Structures are given as C-alpha cells and as structure tokens.
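Here is how the chains run, residue by residue.
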Amino acid sequence: MSMIKEFSKGLIKENPVFIMALGLCPTLAVTTSVQNAIGMGIAATFVLVCSNVIISLIKNFIPTKIRIPSYIVVIASFVTIVDLVMHAYFPMLHKNLGLFIPLIVVNCIILGRAEAFAGKNNVIKSLADGVGMGFGFTLALIVIGGIREIIGAGQFLGYNVLPLSYKPVLAAILSPGAFLVMGLLMGLMKLLKK
Amino acid sequence: MEFMSKIFSLAIAAILVKNFVLMRFLGLCPYIGVSKKLDSALGMGMAVIFVMTMASTFTWLIQSYLLIPLQIEFLQTIAFILTIASLVQLVEMIIQKTAPALYKALGVYLPLITTNCAVLGVALLNINEKLNFIEAILNGFFAGLGFTLVLILMAGIREKLDKAEMPKAMKGLPIAMIIAGCMALAFQGFAGLKF
C-alpha cells in the first residue's frame, strides 16, 4: 500500500516540475517537441531509479560528511551509461538532446531525491519513489512539449493535428515560448490547487 | 588584430546572442531562485563569473592533458563534475582564509554553484566547440558575464514587481517565468548579430 503512495505522489501532488519547480533547465530546453520530451524523460527516469536504488543500498556505508560528492559520483556513472547507450542506439535523439544528456548530472530532481528520500529510506520505497518522480517529470515534459509542438508547428509527435491553414507560431518553439508556456502552466496549477 | 576581433565575437555570442540563461536554458535555478533582491543577485553573479572562469580553465586542462592522452574521454562527465565540486570547495576555503569580507558577500552562494548547470555546461561547450585554451577561459568569463547581466536585470524587475497588482495565482514563480519569456523575446532580437 505504501509503495503505491510513494509512487503516486510524484505524479501530481509533489510533481517535481510544476509543484516543486525542480529541474527547470532540461524541462524548458528539450521540450521543443514531444519526441525529445519523451527521450529526455526516459533518460532521466532511468538515472533517477538506478541512483535511488544504489544510494539507498549503500547509504549506511557513506560517511555523512562526504555524502553529496558520493551521490554525485553514483549519478554521474549512470548518466555516462545513458550517454553512451543513447549515442550508440539513438544517434538522432542524442544529437537533438545534445548538451542536456551529460547535464542530467546536475538535474536538481535527481540529487534532490537522493538527499531527501533515498538516503533515508529502504530500497523498495526508494525504487517506487524514483519511478514515480521519473514518471511525473516525463509527464510534465510531455505536457509542455505537446503544447509547444502544437502551437509552434501544428503537429503532435510529428503528425499534423491542426488544419493546414493554421500558421505555426514559431516563437512557441523558440526560447520565449518555453518560458511563457511554463509560466502560464505554473499559474494554472496554483489556481487549481486552491 | 584578428585575435581581438575573435575575442569580440566570442564576447557578443556568449553575452547576447547565445545568452546562457535565455537562449541556452542553462542556470535557470539560480536565475529564478536568487533574483528576488538586487544585492543577492549581484553577489551570486560575481560568484558565478569567478567559478565559471576557473572551471573553464581547469576542465580544459584536464580534458587536454589527462583524459585525451589516457584515452578515457568517456569519463568526461564524471571528471568534470568532480573537478567543479572540488574547485568550488577549494575556492570557498581560500576566500574564507584570505578575504573574509568577500566570503561574507559570496559565501552562501558558493555551495549552490556546484549544481548550477551553467558551470558544467560551459565546461562541456568549450570542449564541444573545440576552443583553444585562451578562448576557453574567455568563453567562461563572458558566459558568466551574460548570466550576471540577465540575473541583475531580472532582480531589478522583480523588486518593482512586488508592488504590482496581479492575479493571486500568478504571484511568485509563474510571473517570474512570464517576465523571463518577455526578456527572451527581446534577446531573440540579437540573433541577427553576426561578425
């Protein structure tokens, strides 16, 4: 029962992007299309789940004083794995996400979960927490990516969804669109919460 | 002369055309988090300029004289983040010993900088864009300058914004993002600059 709770809190109630405003850089940078958003979401979820599990396993052996550097090394190892695998099997996606794959290391969601959750809880709970937070992050990326892709290109996942007479608003795909969509969505979430 | 014009175009690109915050989406957490007051924005900006310049210097040296000769470039991410983390710690200790006044001003911001993606970002970009040693150092410095510029602009706007009337749900983070969007729109105008 508690596993389901740990899993589901990441989706809406403690959504890392909309509610806690963590990991903003990749969120805004890679959401130019839904495809990129899903790729980034899966990569970050993989790193988050693996690092949560490993950190909760070794938490008793790490001296408190050097825990942050130790966490970073664990996270960086998994990021390197993702980077190399993606480069080998999904070269297009790797090129699109570019700089933001190595930058998963400094994504505050992952270090945040390691510090706030995995360093204090057992393996099963940490696993559920990692999967939930990862899905919440992916969900947020897909929502933002979807809105930007529909407004900015008239497409969803590469398929035309709006009539051909629709003139795409290019600014939505460029950087101003990212900030504006994000700001409006955050405002909406705040309004709904009340 | 050619060297000077190269530096000039590097500066324009890093500060305006490809501004780290508004165009490349790097370092958004401190940009949103530390832009509530002008004083703290200035302190954070100075600390970031300093650390970014140092990080560019050391990561470039490590890439060229350690990772490439040993053919372990795949360890780049781990090596760079550890370099930056220890660098920040070292800088913090040195400043604390030698310049207590400066430490008082910058101290609280230094630990935050380790997880500032702009620092790791500039280190990786220097390598990806194959800059030489001098260019890498300057690129780090200019990127930090660009970050500080938009951080201070943002803090100035947000100090005024406190008194403005707006829907309750938009207060705080949401309106900060909208303002950032407007600034990005303005910075988009620099995209045409070419040298």
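Described in the following lines is the structure provided in the data block. The shown structure was predicted, so the numbers you read here are calculated from the model rather than taken from an experiment.

Rules of the game
Residues numbered from 1 in each chain as written. Chains lettered and ligands numbered in written order. Predicted model: local features only at pLDDT ≥ 70, side-chain atom pairs only at ≥ 80, totals over all residues. Heavy atoms only, no water. Helix = DSSP H or I, 4+ residues; strand = E, 2+ residues; numbered from the N terminus. Rg over C-alpha atoms; globule rule 2.2 N^0.38 Å. Buried < 20%, exposed > 50% of the residue type's maximum accessible area, 1.4 Å probe, protein only. Contact = heavy atoms within 4.5 Å. Areas by Shrake-Rupley, 256 points an atom, 1.4 Å probe, with all protein chains shown as cover. Lys, Arg positive; Asp, Glu negative; His and termini not counted. Charge placed at Lys NZ, Arg CZ, Asp CG, Glu CD. Phe/Tyr/Trp six-rings, centres within 6.5 Å; stacked < 30°, edge-to-face > 60°. Expected span 1.5 Å × (residues − 1). Buried area = accessible area lost by both parts, 1.4 Å probe. Polar contact = N/O pair within 3.5 Å; in protein donor to acceptor, adjacent residues only side chain to side chain. Nonpolar A, V, L, I, M, F, W, Y, C, P; charged D, E, K, R; others polar. Salt bridge = Lys/Arg side-chain N within 4 Å of Asp/Glu carboxyl O.

1. Some remarks on the overall build of chain A
Inference 1: When you go through chain A residue by residue, the secondary structure sums to eight helices and two strands.
Inference 2: In sequence order, the secondary structure elements of chain A are arranged as α-α-α-α-α-α-α-β-β-α.
Inference 3: For 194 residues, the compact-globule estimate of 2.2 N^0.38 gives 16 Å, and chain A sits close to it at 18 Å.
Inference 4: For chain A, the spread of C-alpha atoms along the three principal axes comes to 60 × 45 × 30 Å.
Inference 5: Expressed as a percentage of its 194 residues, the buried residues of chain A come to 52%.
Inference 6: A separation of at least 24 residues holds for 74% of the contacts in chain A among residues at least 6 apart in sequence.
Inference 7: When the accessible surface of chain A is summed, it comes to about 9,000 Å², and 73% of that surface belongs to carbon and sulfur atoms.
Inference 8: Averaging the coordinates of the 15 positive side-chain charges in chain A and doing the same for the 6 negative ones gives two points 6 Å apart.

2. Some details on the packing of aromatic side chains
Inference 1: In total, this model carries six aromatic pairs over all chains according to the counting rule given.
Inference 2: Measuring from ring centre to ring centre gives 5.9 Å for Phe7(A) and Phe135(A), while their planes differ by 75°; the resulting arrangement is edge-to-face. Of this pair, Phe7(A) sits in helix α1 (residues 2-9) while Phe135(A) sits in helix α7 (residues 123-153), and the two are 128 residues apart along the sequence.
Inference 3: Overall, the relative accessible area of 27% leaves Phe7(A) in the partly exposed class.
Inference 4: Ring geometry for Phe187(B) against Phe190(B): centres 5.3 Å apart, planes inclined by 75°, an arrangement best described as edge-to-face.

3. Re helix α7 (residues 117-128) of chain B
Inference 1: For α7(B), with 12 residues, the first-to-last C-alpha span of 16 Å sits near the 16 Å given by 1.5 Å per residue.
Inference 2: In terms of burial, α7(B) is largely enclosed, as 11 of its 12 residues are buried.
Inference 3: Along α7(B), the positions that sit buried rather than exposed are Cys117(B), Ala118(B), Val119(B), Leu120(B), Gly121(B), Val122(B), Ala123(B), Leu124(B), Leu125(B), Asn126(B) and Ile127(B).
Inference 4: Against α2 (24-30) of chain A together with α3 (38-67), α4 (76-98), α6 (110-113) and α8 (133-161) of chain B lie the buried residues of α7(B).
Inference 5: Downstream of α7(B) by a residue or two, Lys130(B) has a phi angle that is positive, lying close to 55°.

4. Regarding the interface of chain B and chain A
How big an interface is tends to be reported as the loss of accessible area on association of its parts.
Inference 1: If you look at the interface, chain B gives 35 residues, while chain A gives 33 residues.
Inference 2: When chain B packs against chain A, close to 3,000 Å² is buried across both sides, 84% of that on carbon and sulfur atoms.
Inference 3: If you look at where chain B meets chain A, you find two residue pairs in polar contact (both at pLDDT 80 or more).
Inference 4: If you list the elements that add at least two residues to the side of chain B that touches chain A, you get α2 (28-33), α4, α7 and α9 (173-187) of chain B.
Inference 5: Residue composition of the side of chain B that touches chain A, grouped by class: 25 nonpolar, eight polar and two charged.

5. Description of the pattern of salt bridges
All names here are of chain A.
Inference 1: Scanning all chains against the criterion turns up five salt bridges over all chains.
Inference 2: With its nearest N and O atoms 2.8 Å apart, the salt bridge here joins Glu-115 to Arg-67. One end of the pair, Glu-115, is in helix α6 (residues 108-118); the other, Arg-67, is in helix α4 (residues 67-89), and 48 residues separate them in sequence.
Inference 3: The exposure class assigned to Glu-115 is partly exposed, which follows from its relative accessible area of 28%.
Inference 4: Looking at Arg-67, the relative accessible area reads 26%, which means it is partly exposed.

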